[in-house]
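Understanding the architecture of this molecule
For reference, the chains in residue letters:
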Amino acid sequence: MWSSVTIGGRSADVFTPADRPRFLLVFLADLDEVTLRDNAVWTPLLDANRMACVCPSGSESWWVDRVCPSFDPDKPGEQFLVQDVIPTTLAQFALAPRATALAGVGVGGQAAIRLGLKYPVRFRVVAGLGSILDFHELFGRGTRLDEIYDSREQCRQDTAVLQVHPSTWPPHLWLACDPDSPWLRGNDRLHEKLQALAVPHTTDFSTRGCGHSWSYYDRMAPTLVRFVVDGLEAEARRLV
């Protein structure tokens, strides 16, 4: 059910459910590049909901629209994801664009949320677990962000909280973060802004699962998958 493929010259793990897939989950990993491949919790959930899944490599790019030399000297991670990964996988499974959901953990979680807020018409179902939303806090600490941005402020301007549009947003938006995670404040800050703008969204900042870890991600998997499936089913019922 899981296979390794090459998309745009980079590796990706792809899950094919036993029955013809209805939906596609684009799952973005954290900096450790651990994907859902052969995960004993997530794989049965994907299969039961007839959801294909693609987990591309490239988290060091932070999936932003700026060049990361160690990722690709010419193409930013965001463009690779939007122009290569998603269209290629949709074509593989003969799915329409509206059948796509974005989700991820850590770095990948922030990317899913940020892209949903940046492109709310294109990405209407997005979810993040333990998302590193305030990634500008890491600038100057020896991460790839130091290659991508010229300053901490330039980095901050690219974060999810500054992508929120006052009148257009993804209709299915889910944020979850373990209360013991060091990234809780960034998630709560986005939640506060969304509340202030009356943007509908769902949060879980109370469930614990060993902080920023796969123990937590696996515990939250059924809730995330249920949210994503409900959102995609609602989108499938839309006439336009």
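Residues numbered from 1 in each chain as written. Predicted model: local features only at pLDDT ≥ 70, side-chain atom pairs only at ≥ 80, totals over all residues. Heavy atoms only, no water.

**Focus: the side chain of Ser-181**
Take Ser-181: it is sitting in the loop between β7 (172-176) and α6 (184-196). Apart from residues lying up to four places away in sequence, Ser-181 is in contact with Gly-211 and His-212. (Helix = DSSP H or I, 4+ residues; strand = E, 2+ residues; numbered from the N terminus. Contact = heavy atoms within 4.5 Å.)

**Let's talk about empty space enclosed by the protein**
Scanning the model with the defined rule gives one cavity of 30 Å³ or more in all. Considering only enclosed or pocket space, the largest cavity measures out at about 30 Å³ in volume. Residue composition of the lining of the largest cavity, by class: four nonpolar, two polar and two charged. (1 Å grid on protein atoms, 1.4 Å probe; cavity = no way out; pocket = protein on both sides within 12 Å on 5 of 7 lines; lining within 4 Å. Points joined across faces, edges and corners; volume = space filled by probe spheres on them. Nonpolar A, V, L, I, M, F, W, Y, C, P; charged D, E, K, R; others polar.)

**Some thoughts on the pattern of salt bridges**
Going through the model one piece at a time under the given rule, you end up with 17 salt bridges. Put simply, Glu-233 and Arg-22 hold a salt bridge, and the shortest N to O gap is 3.0 Å. One end of the pair, Glu-233, is in helix α7 (residues 214-237); the other, Arg-22, is in the loop between β2 (10-15) and β3 (23-28), and 211 residues separate them in sequence. Look at Glu-233 and you get partly exposed, because its relative accessible area is 24%. Linking Lys-75 and Asp-84 is a salt bridge whose minimum nitrogen-to-oxygen distance equals 3.0 Å. (Salt bridge = Lys/Arg side-chain N within 4 Å of Asp/Glu carboxyl O. Buried < 20%, exposed > 50% of the residue type's maximum accessible area, 1.4 Å probe, protein only.)

**Topic: the sheet that holds strand β4 (residues 51-56)**
Reading across the sheet, the eight strands line up as β1-β2-β4-β3-β5-β6-β7-β8 and stay open at both edges, with mixed pairing between neighbours. The strands lining the two open edges of the sheet, one partner per strand, are β1 (2-7) and β8 (202-204). For this sheet the average axis-to-axis angle between neighbouring strands, irrespective of direction, equals 20°. Note: β3 against strand β5 (residues 100-105), five bridges, orientation parallel. Considered in β5, the bridge of Phe-27 is made with Ala-103. (Pairing = 2+ DSSP bridges. Axes fitted to C-alpha atoms, helices over the stretch in contact; angles between N-to-C directions.)

**Remarks on unusual backbone geometry**
Even without glycine at this site, Arg-50 takes up a positive phi of about 50°. With respect to the helices and strands, Arg-50 occurs in the loop between α1 (42-48) and β4. By relative accessible area, which is 31% here, Arg-50 ends up partly exposed.

**Points about the side chain of Asp-30**
Its location among the elements puts Asp-30 in the loop between β3 and α1. As a buried residue without a salt bridge, Asp-30 has its nearest oppositely charged side chain in Arg-114, at a separation of 13 Å. A polar side-chain atom of Asp-30 sits 3.1 Å from a polar atom in the side chain of His-212. In contact with Asp-30, other than residues within four places in its own chain, are Ser-59, Val-105, Gly-106, Val-107, Gly-108, Ile-132, His-212 and Tyr-217. (Lys, Arg positive; Asp, Glu negative; His and termini not counted. Polar contact = N/O pair within 3.5 Å; in protein donor to acceptor, adjacent residues only side chain to side chain.)

**Some thoughts on α7**
An ideal rise of 1.5 Å per residue puts 34 Å on 24 residues; α7 measures up with 33 Å between its terminal C-alpha atoms. In the structure, α7 departs most strongly from a straight axis at Ala-221, where the bend amounts to approximately 50° and where the proline Pro-222 lies between one and four residues downstream. For α7, the complete set of buried residues consists of Tyr-216, Tyr-217, Met-220, Ala-221, Leu-224, Val-225, Phe-227, Val-228, Val-229, Gly-231, Leu-232 and Glu-235. (Expected span 1.5 Å × (residues − 1). Bend = angle between axes of the 7 residues up to and from the residue.)

**Some thoughts on the environment of Gln-110**
Checked against the element boundaries, Gln-110 lands in helix α3 (residues 107-118). We classify Gln-110 as buried; its relative accessible area is 0%. Separated by 105 residues in the primary sequence, Gln-110 and Ser-215 have C-alpha atoms spaced 19 Å apart. With residues near it in sequence (within four places) discarded, Gln-110 still touches Trp-62, Ser-131, Ile-132, Leu-133 and Phe-135.

**Remarks on the state of the cysteines**
Taken as a whole and assessed by the stated rule, the structure comprises zero disulfides. Free cysteine: Cys-53, not disulfide-bonded; nearest cysteine sulfur from Cys-55 at 3.8 Å. (Disulfide = S-S within 2.5 Å.)

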